[in-house]
Structure formats: structure tokens, C-alpha cells
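Structural characterization, general
Each chain, written out:
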Amino acid sequence: MSYVQDWQHIQEKIRTEAWAKHVYDTLLETTEWWVNHYADDPGRITGWGHNYFCEACGSRIDFERETPQENSCRSCGYRNKGARFDQAWNYLYRDEAHKHVFYAGVLYRLTGDERYTAYIRKVLSFYSDHYEQLQVDVKPGYVGKIAGTDLCDAVGMIWLLQGMEMIKETLSSEELRLYKSKLFDPQVELLDSHSTSIHNIPCWMKAAVGMAGMFFGERSYVERALNGPFGLLQQLQEGVTAEGFWYEGSFHYHFYCVEPFTYFLLFARIYDVECGGMEEIVKRMYVFPAELVFDNGIFPNPNDGWPNIALTHYAGQYEYANRLFPDPAFEYALSRSYEEYYSPTMAYGGMIENSPEGWVQRLLFGKGEYAGEEMQRGTKYYPASNICSLRAGKTALFMKYGLNTRSHAHPDLMNIELFDADCLWSHDISSNGYGSFLFLEWQRKTIAHNTVIVDAVDQICSERGIVERFEPERNRIRAKAKEVYPGVDYMRDIHLQEGCISDTFQVISEDEHLTDWLFHCHGQMETDFETQPCAPLGSEFGYQHLMNLRVFTTSDSWSIRWVLPERTLILRMEGCMGTEIYLFEGYEDTTANKRFGVLVRRKGCGAEYRAVYTIE
């Protein structure tokens, strides 16, 4: 078996399909730049990619390959200066160079132009000749050699190996020995020695080790990757829930984790390597997200990840999955990945390049039209994954009620996301770069989520939640989380009908506490009651970022509206003695994007918030 079965078929797609021609032309244009301009320097120090976020507004800085040390933010115009930005640019330069080794390999197979093989050799020779001189500046425990972190080294090695696979017959025995001894052997030792946990990072590192072993015929590397300590089989057995969700509880990290397994499996097919049942679990990991995605192709987004992720951002991975083990779920996913479903993403690293027409993976494995039959995606809860999806007609609600790990977790148990008729009314903003002040001060705080805060401090990240009542025929769930704070349990009971959600949130405690119930929503906020400007509610835990604060005090029932051009969401809440209602604006992925929210404050021994959301 070869990487691509029929290159002539791909050439025919380029000649006859407009989308394929567009992908090919874009691929040609971007790769030609690297072929003509690639010039790395062993004196460059690579750093942490998550530092490449504007210190003024929190936006990701666009990588400009022609202008090192410029680091200007397109969103606000601020020029970010300093070593951490320059070193992040150096990482991004090498990351792009690695991907274009793969792209150059594809173009060589399509054109036979030896300039593409020359580019691949140039990159490989640079690393082989200068490996010992290369320097990085990243946090201890994550130190790589080439691209900053060990994770980024592994990602880079996988791109290089895929490009090399495309041109393997042109590489001499002497070249292969040189690249193996000077580059891949030391990288294998570094990556394998750093694989010491069940986590998404070792998945990439072990996959890189195993793929190097297959490519160079080094069976011991394959064995270490598959069956060694924290090997790929152990990662899947211990890191994937019974339902097929990566245990860190993030859809982005789920896809990021399954991506290296996908490349590994393709190499295993090429080199006829037995993978010990890996395919079944990896296939389940691709089916699982298709069950939970909202109807417009956008994912729920709990915990760490990139903002606003959708099927379109992982279309390339579904193309690979459909190549390896075709499934109707993958056809459905791909039918909602292109053209009108396309949305841009700020993410980098891994397989994120895309366009309305798709990217190189669609060119290699995909087609113009996909079956796209509706999947049977009803109300369901996933006890091993601590999440639930309620669906009634065009209305869907996602809830996270527990955790399997604190790795990449947000302190937001009982958070909900609300979708109706192509509108994601209230979503989890997830996070952007971990070096961004928005991530540190807002996105990873309890206050940025639709849950309850006790005594104005973040929740203590608890672990597993409990479903006490589940009625799928009524689209109802009652979930409980214990010890969300010391001596404080949570209970949330949600009953969903199309266009209407009943929501009872109980804070259970024998001691007196201050409780803040939160809901963030899209649309222009309207009220029928008078509010007054008020002072900030706090200086930390995200309270300092509540903007345009106004307050209203009542013991009666009340309502608020969020208005969009063609529909309105109305929140009604039962009254309670001494309730304070705070209206505010809060950030989303950058300081330029905001939405309106409400904070409902009460004080006492426990609290019960009874709300109804109606969409008209």
C-alpha cells in the first residue's frame, strides 16, 4: 500500500473540479515561496508558540514569514517587542517549513519537479548539519531541540517523515543513513525519554518515534512507540473514555490527540505493521465528536482549546479517517466542513489549514460531494466523559458536569452551552494562547462560564460528576457535583423542549455563602427594569474584567432579553428575597469581541436559582 493509491486520479480532480483546482493552486503558491526563500539559521533560538499573542489586546499575532522581529498585531496595530515574541516567530517559521516539506512531497508526486525534492533535502540537511548547535528557550520539562518544545519537535518530525515518504525512492542509502544518524536517532531518544504520562503530548512524541521506526526500518523504535512505557496502546487504553472521548475533556485536544494516531495508522498500513487493535479505538474517537457537534457544524468547547472550533477546522483529519476506515459519520462530518460551513480559525499547530474548498487532505483523499445524511443524534449523556447533550428539534443544550483530570480543565462544573436554529446563543469561549492575559485572567476563570461562583473565587476543580436522573424521552437530566467548594455541592436539573429550557440550579451548603449565578449570551441586551451604574465587584478571579456594570435589586421574579435581528432569547428567573442582578459586558476570544451577561447574586445557606429560557 502507498500513501496515495492513485495520483492520476488526483490530477484528474484538479483538471475537472473547481474546488480541487483552487486547493492545488493555493498549495502551489505557498510551497513555491518556501522552495525559493527558505533560509534558516542555527543561531535562531526557538521559543513557545503560545507567546505569540498581542500583549495589548490578546489577539493572536499573524505570522509574517518575510518579517522576523516585526510581530505586529493586525487587530489593534500594536508592535510586540522582545525575545519571547521573536522566539515564537522562530518556532512558527520552522513549523511552517516542516509542513511545507510534506506539501513539497505532494507536489513532487503530482509534477515530478525536482525543485521540491531539493527543498526537502535542504531542510533535512540543515537539521542534520546543525543539530547540536540548535537552541531553544522554553519552560523546563518541555524542552525540545528544533522547534522549541518537545511537542513541537514531534509534530515537526511527523511532517518531515510524511514528506520524505512521498519522495523515498529518490533518497539514496547514504542520505537516509545521514538523516537517521544525525537527526532522527537523536530526536527519537529525546522524544521517547520525555514520554512519561498519559497526555496528548506523548501521543505525538510516541507517534513520531514509531513512524521514524517504520520509515527507517528500525523495528525497536516501532515497539517502543506501541508497547513501551506510556506507548500509544497505553495512551488509548487509559486516556480514552468508554464513549471515545479523550479524557482531558476538550474537543480541540481530542482532535489534537487523535491526529498523530491517524498518521501512525496510515504509516502502519503502508509498512504492514500490526497495531494491536488501535484502529477500533481511533475510529470511535472520530465518530464521537460527530454525535455531539451542533447542527451548524460548531462544537461545544469545554475546557482548554482554541475559540470557536468547528468541523471545518478538523476536516483534514476526517478525510484521513474516511480513507482509513470509511464510516457514515465521517461523510456527515465532511458534508458540514466546506463551502457554507467554512469558518476561519486562529489556531495553529497540527492540521488546521483550511479554506471553503478544503486543503491538501481533501485533494489527496476527498471528493466534491459527501453523503451528509442526518445522523441520529438525540438526547444522550456520556457518564465516562461527564458530559450531556440534550436535543429537541432545532434546540440543543450541552452540559459539562464533571472532570476526569485537571489537565487542561476549566473550573466551571455545571457549565452549559445553548444552540437553537443555527444560532449558538451561549457558548464556552474556551481559551487562546496560554501566554495571553485574557487566558490567565478571564477565559480560564469560573466567571467566564455559565455556572455559579461561591464567595467570588474560582471553583476548586472537582473530578467526576453524578447523574441522578436521566429521562431521554423528556430531554431531562439532573446532575450533581460534590465538593465544588469545601462543603458545597451543586445540583443542576435541566428539562429541554424545542425553543424552551427549564433550568434549576441548586447550591447545597449548611454554611452561609455568597453565590453568583452567571449567564453569557449573544444579542443586544434589553430589560424592563431600571438599573444603576455600580462599582466593580472585585479585582481578581475575572471580576475585574466585568465592563459597564449596572445593578438592580429585587425580591420579585424578573426577565431579560437578548435580541438578534430575527429572534430573541428571554431569560426569566423566579424571585428570591434580596436578589441583586448585575448586567455587564464580558470578553470572548479577544478584547475586540464582547457579549452581554448577567450575574445574579444571593447570600445564604445554600441557594436555588430557577430559570426558564425561551427562544422566540
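Residues numbered from 1 in each chain as written. Predicted model: local features only at pLDDT ≥ 70, side-chain atom pairs only at ≥ 80, totals over all residues. Heavy atoms only, no water.

**Looking at the packing of aromatic side chains**
- Applying the stated rule across the entire model yields 50 aromatic pairs.
- Centre to centre, the rings of phenylalanine 255 and tyrosine 318 are 5.9 Å apart; their planes meet at 70°, and the pair counts as edge-to-face. Of the two residues, phenylalanine 255 is situated in helix α10 (residues 251-271) and tyrosine 318 in helix α12 (residues 315-324); the sequence distance between them amounts to 63 residues. Tyrosine 318 matches phenylalanine 255 in its accessibility class, with the two residues each being buried.
- Ring-pair connections join several aromatic residues into one group, and the members of that group are Phe245, Phe251, Phe255, Tyr286, Phe288, Phe299, Tyr314, Tyr318, Phe325, Phe330, Tyr382 and Phe398.
- Its end group placed over the ring of tyrosine 93, arginine 44 keeps NZ or CZ at 4.5 Å from the ring centre.
- Just above the ring of tyrosine 116 sits the side chain of arginine 115; from NZ or CZ to the centre is 5.4 Å. (Phe/Tyr/Trp six-rings, centres within 6.5 Å; stacked < 30°, edge-to-face > 60°. Helix = DSSP H or I, 4+ residues; strand = E, 2+ residues; numbered from the N terminus. Buried < 20%, exposed > 50% of the residue type's maximum accessible area, 1.4 Å probe, protein only. Lys NZ or Arg CZ within 6 Å of the ring centre and 35° of its normal.)

**Quick notes on the confidence of the model for the protein**
- In the predicted model, the protein carries a mean pLDDT of 95, and 99% of its residues have values of at least 70.
- Below pLDDT 50 for its whole length, residues 347-352 participates in 26 contacts with residues either more than four positions away or in separate chains. (pLDDT = per-residue confidence, 0-100. Contact = heavy atoms within 4.5 Å.)

**Here's the deal with the pattern of salt bridges**
- Under the defined criterion, the tally for this structure stands at 40 salt bridges.
- A salt bridge links aspartate 113 to arginine 115; its shortest N-O distance comes to 3.1 Å.
- Judged by its relative accessible area of 34%, arginine 115 falls in the partly exposed class.
- For lysine 180, the salt bridge identified is with glutamate 218, shortest N-O distance 3.1 Å. Highlighted residues: lysine 180 in helix α6 (residues 173-193) and glutamate 218 in the loop between α7 (200-216) and α8 (219-227), separated in sequence by 38 residues.
- Using a relative accessible area of 18% as the deciding quantity, one classes lysine 180 as buried. (Salt bridge = Lys/Arg side-chain N within 4 Å of Asp/Glu carboxyl O.)

**Looking at the pairing of strand β15 (residues 547-554)**
- Summarising the sheet, strand β14 (residues 532-533) and β15 pair through two bridges and their orientation is antiparallel. Bridge pairing in β15 places proline 533 opposite arginine 550. (Pairing = 2+ DSSP bridges.)

**Here we look at the side chain of aspartate 153**
- Relative to the helices and strands, aspartate 153 is located in helix α5 (residues 150-166).
- Despite its burial, aspartate 153 pairs with no opposite charge; the closest candidate is arginine 94, at 7.5 Å N-O.
- A polar atom in the side chain of aspartate 153 sits 3.2 Å from the side chain of glutamine 187.
- In this view, aspartate 153 contacts Gly144, Lys145, Ile146, Ala147, Gly148, Gln187 and Leu191; residues no more than four positions away in its chain are not counted. (Lys, Arg positive; Asp, Glu negative; His and termini not counted. Polar contact = N/O pair within 3.5 Å; in protein donor to acceptor, adjacent residues only side chain to side chain.)

**Details of the sheet that holds strand β4 (residues 387-392)**
- One open sheet accounts for five strands, arranged β3-β4-β5-β6-β7; its pairing is antiparallel. Each edge of the open sheet is held by one strand with a lone partner, namely β3 (380-382) and β7 (423-426). When the angles between neighbouring strand axes are averaged without regard to direction, this sheet yields 15°.
- Here β3 runs beside β4; their pairing, made up of three bridges, is antiparallel. When the bridges of β4 are listed, lysine 380 appears paired with serine 389.
- Along the sheet, helix α11 (residues 278-292) contacts β3, β4 and β5 (395-400); its crossing angle with β4, the most-contacted strand, is approximately 45°. (Axes fitted to C-alpha atoms, helices over the stretch in contact; angles between N-to-C directions.)

**Comments concerning the pairing of β7**
- Where strand β6 (residues 415-420) meets β7, three bridges bridge the pair, whose relative direction is antiparallel. Counterpart to aspartate 420 in the pairing with β7 is cysteine 423.
- In this structure, the hairpin formed by β6 and β7 is closed by a connection of two residues, where alanine 421 is found at a positive phi of approximately 50°.

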